[in-house]
Amino acid sequence: HLAGQRSRARRGRGEGVQGQAEDHLARDAGRRRTLDPRCQPALQHCNAFYEDVADTLNLLHQQGYTMVMASGQESEFLKAALEGAGVAHIPQGWFGPDLINCAKESTRYFERIFASLQIDPHTAIVIDDLAPATQWAEALGAKAIQAQLANSQPKDESAPHRPLLTHWRDVPQLLETVTQSMRSL
């Protein structure tokens with residue numbers, strides 16, 4: 001998941017992000033895997049998010065944060081899950097390996113997302129549950145927060161400085177702390 005710094009213009013460049021993603025989708029339609037049509041309605045009608053995610057995302061949206069979502073799953077899966085949780089209107093774009101032609105397994109994944117968004121990684125804050133993914137984002141200059149919302153996601157002991165997200169209601173404060181540290185650099 002990616003969350004950018006607060007934006008004075010809530011939409012701004014973000015409106016074009018989904019259009020760019022749709023361009024990638026159309027261009028790569030012949031090569032990508034698609035979500036099983038039987039799964040999409042189920043995802044669109046369930047809410048598998050952690051507690052407080054929808055409320056937190058709505059609050060961040062109201063506060064003017066520019067947000068995009070990225071997943072190791074295909075974009076259709078992510079979009080359907082966001083629809084099921086009732087928050088598909090919040091991200092100004094979403095990315096899966098199918099849209100950037102790159103698996104989530106190295107810095108290249110985030111390089112392609114940042115390039116598609118036309119943003120400097122130094123202005124981005126990445127929230128991810130995978131310790132290696134937070135390391136990849138940091139290697140590009142982004143700030144990272146590791147989500148540890150389940151026992152199966154161990155904290156990256158090699159990065160004790162990295163903020164740790166254990167409950168979604170803490171995201172606004174964590175983002176404010178990280179944003180302040182970015183301003184002081």
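This text follows the structure it describes.
Residues numbered from 1 in each chain as written. Predicted model: local features only at pLDDT ≥ 70, side-chain atom pairs only at ≥ 80, totals over all residues. Heavy atoms only, no water.

This next bit is on the pairing of strand β2 (residues 65–70). When you tally the buried positions in β2, you get 5 out of 6 residues, the bulk of the element. Bridging between β2 and strand β3 (residues 94–95) involves 2 bridges; their strand directions are parallel. Paired with Met69 across the two strands is Trp94, which belongs to β3. (Buried < 20%, exposed > 50% of the residue type's maximum accessible area, 1.4 Å probe, protein only. Helix = DSSP H or I, 4+ residues; strand = E, 2+ residues; numbered from the N terminus. Pairing = 2+ DSSP bridges.)

Let us now look at unusual backbone geometry. Positive phi, normally seen in glycine, also occurs at Asn101, with a value near 55°. Tracing the sequence through the fold places Asn101 in the loop between α5 (97–100) and α6 (107–117). Non-glycine residue Gln118 carries a positive phi angle of around 60°. Among the secondary structure elements, Gln118 is positioned in the loop between α6 and β4 (124–128). Gln118 sits in the exposed class, given a relative accessible area of 54%.

Take the environment of Ala142 next. With respect to the helices and strands, the residue Ala142 is situated in the loop between α7 (131–139) and β5 (143–147). Its relative accessible area of 4% is what places Ala142 among the buried residues. Setting aside residues no more than four positions away along its own chain, Ala142 makes contact with Phe114, Pro121, Ala124, Val126 and Ala137. (Contact = heavy atoms within 4.5 Å.)

On to the pattern of salt bridges. Any two side chains of opposite charge can pair if their charged atoms end up close together. For the structure shown, the criterion picks out 4 salt bridges. A cluster of three or more residues bridged by salt bridges with shared partners is formed by Glu138, Asp156 and Arg162. (Salt bridge = Lys/Arg side-chain N within 4 Å of Asp/Glu carboxyl O.)

What follows is about the packing of aromatic side chains. As enumerated under the stated definition, the model contains 2 aromatic pairs in all. Between Tyr109 and Phe110 the ring centres are 5.2 Å apart and the planes differ by 80°, which places this aromatic pair in the edge-to-face class. The class of Phe110 is buried, set by a relative accessible area of 1%. Ring pairing ties together the aromatic residues Tyr109, Phe110 and Phe114, which thus form one cluster. (Phe/Tyr/Trp six-rings, centres within 6.5 Å; stacked < 30°, edge-to-face > 60°.)

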